[in-house]
Amino acid sequence: VDDEESPRAYMTMILRDMGIREIATAADGREAMALFDGKENGFDLIICDWKMPRMSGMDFLKQVRSVRPEQPFLMVTALATLISVEEAMQHDVNAYIAKPFPPEQLEEKVMVLISR
């Protein structure tokens, strides 16, 4: 989930290179919630940008946690400050990654989260 096309395409490319074939994308939290709603058990991992219009990644995380507390969730942010990381941890984000990131860093986070 990312409001910018370029990061969505970049992450999709990395995931495909890892051999992941079923990838759903969304341009914001509302669009992502529409995909998630009713298919709560259909996602192995959610990768979501923090700052987006209409519904932020944090608001999306809160809604996901209300229906599926154990859902693996990776927050992506350009603002990896201590305060933002603490806020994400308060809402049980599983991991975070700061933009920009190399493919290997995303691969490592994904492998850790889907291996749980």
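Criteria and cut-off values
Residues numbered from 1 in each chain as written. Predicted model: local features only at pLDDT ≥ 70, side-chain atom pairs only at ≥ 80, totals over all residues. Heavy atoms only, no water. Buried < 20%, exposed > 50% of the residue type's maximum accessible area, 1.4 Å probe, protein only. Helix = DSSP H or I, 4+ residues; strand = E, 2+ residues; numbered from the N terminus. Arc of directions from axis to C-beta. Salt bridge = Lys/Arg side-chain N within 4 Å of Asp/Glu carboxyl O.

Draft legend 1. Examining helix H3 (residues 57-67) more closely. The complete set of buried residues in H3 reads Gly-57, Met-58, Phe-60, Leu-61, Val-64 and Arg-65. Looking down the long axis of H3, one finds its buried residues gathered within 155 degrees of arc, a one-sided arrangement.

Draft legend 2. Fine view of the pattern of salt bridges. For the coordinates displayed, the defined rule picks out five salt bridges. The salt bridge partner of Asp-28 is Arg-54, with a shortest N-O separation of 2.7 Å. Residue Asp-28 is located in the loop between helix H1 (5-17) and helix H2 (29-36), and its partner Arg-54 is located in the loop between strand E1 (46-49) and H3; the two are separated by 26 residues in the primary sequence. By sharing partners, the salt bridges in this structure join Asp-2, Asp-49 and Lys-99 into a single network.

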